[in-house]
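Summary of the model geometry
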Amino acid sequence: MLAASILDLLTSPELCRRRAPSFEVESKRTPYFSLLPPDAKPPVDLNKAEMEKFRPEMRKFYLDKTPRFN
């Protein structure tokens, strides 16, 4: 359901324009805050052995060009 709603927003400029004012109001009413402490560091080595095991297979899915977003 959520994915379908996001798809609707991305493919309908009119829907996106109509929701902007309510988003502004709601985001001021309920501001975002992170649940992580400011000094939290991601565990980048958590799955290192597993990633190295599958890296050769993953390489065939790597992009060979820098993506361009217009």
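What comes next is a walk through the structure. If you're wondering where the values come from, they're calculated on a predicted model, not measured in any experiment.

Right, let's talk about the overall build of the protein for a bit. Along the protein, the regular secondary structure elements total 3 helices and 0 strands. Radius of gyration (C-alpha) of the protein: 20 Å, far over the 11 Å computed for a compact globule of 70 residues. Considered along the principal axes of its C-alpha atoms, the protein spans approximately 50 × 35 × 25 Å. Split into buried and exposed, the 70 residues of the protein put 0% on the buried side. Where the 13 positive side-chain charges of the protein centre and where its 10 negative ones centre are 4 Å apart.

Right, let's get into the environment of Leu7. Within the secondary structure, Leu7 sits in helix α1 (residues 2–11). Note: C-alpha distance between Leu7 and Ser34 (27 residues apart in sequence) is 26 Å.

So, on to helix α2 (residues 13–29). The terminal C-alpha atoms of α2, which comprises 17 residues, lie 25 Å apart, in line with the 24 Å expected from a rise of 1.5 Å per residue. Of all the bends in α2, the largest measures some 35° and sits at Ala20, one to four residues before the proline Pro21.

As a further point, take the pattern of salt bridges. A full pass over the atoms with the stated rule returns 4 salt bridges. The shortest N-O distance in the salt bridge between Glu26 and Arg29 comes to 3.0 Å. Of this pair, Glu26 and Arg29 both sit in helix α2, separated by 3 residues, roughly a single helical turn. For Glu26, a relative accessible area of 40% gives the class partly exposed.

There is a patch of nonpolar side chains on the surface, built from Leu2, Ile6 and Leu10 and spanning about 350 Å² of accessible area. One can find Leu2 in helix α1.

Cut-off values and rules
Residues numbered from 1 in each chain as written. Predicted model: local features only at pLDDT ≥ 70, side-chain atom pairs only at ≥ 80, totals over all residues. Heavy atoms only, no water. Helix = DSSP H or I, 4+ residues; strand = E, 2+ residues; numbered from the N terminus. Rg over C-alpha atoms; globule rule 2.2 N^0.38 Å. Buried < 20%, exposed > 50% of the residue type's maximum accessible area, 1.4 Å probe, protein only. Lys, Arg positive; Asp, Glu negative; His and termini not counted. Charge placed at Lys NZ, Arg CZ, Asp CG, Glu CD. Expected span 1.5 Å × (residues − 1). Bend = angle between axes of the 7 residues up to and from the residue. Salt bridge = Lys/Arg side-chain N within 4 Å of Asp/Glu carboxyl O. Patch = residues over 30% accessible without salt bridge, like charges linked within 9 Å, V, L, I, M, F, W, Y side chains within 5 Å. Areas by Shrake-Rupley, 256 points an atom, 1.4 Å probe, with all protein chains shown as cover.

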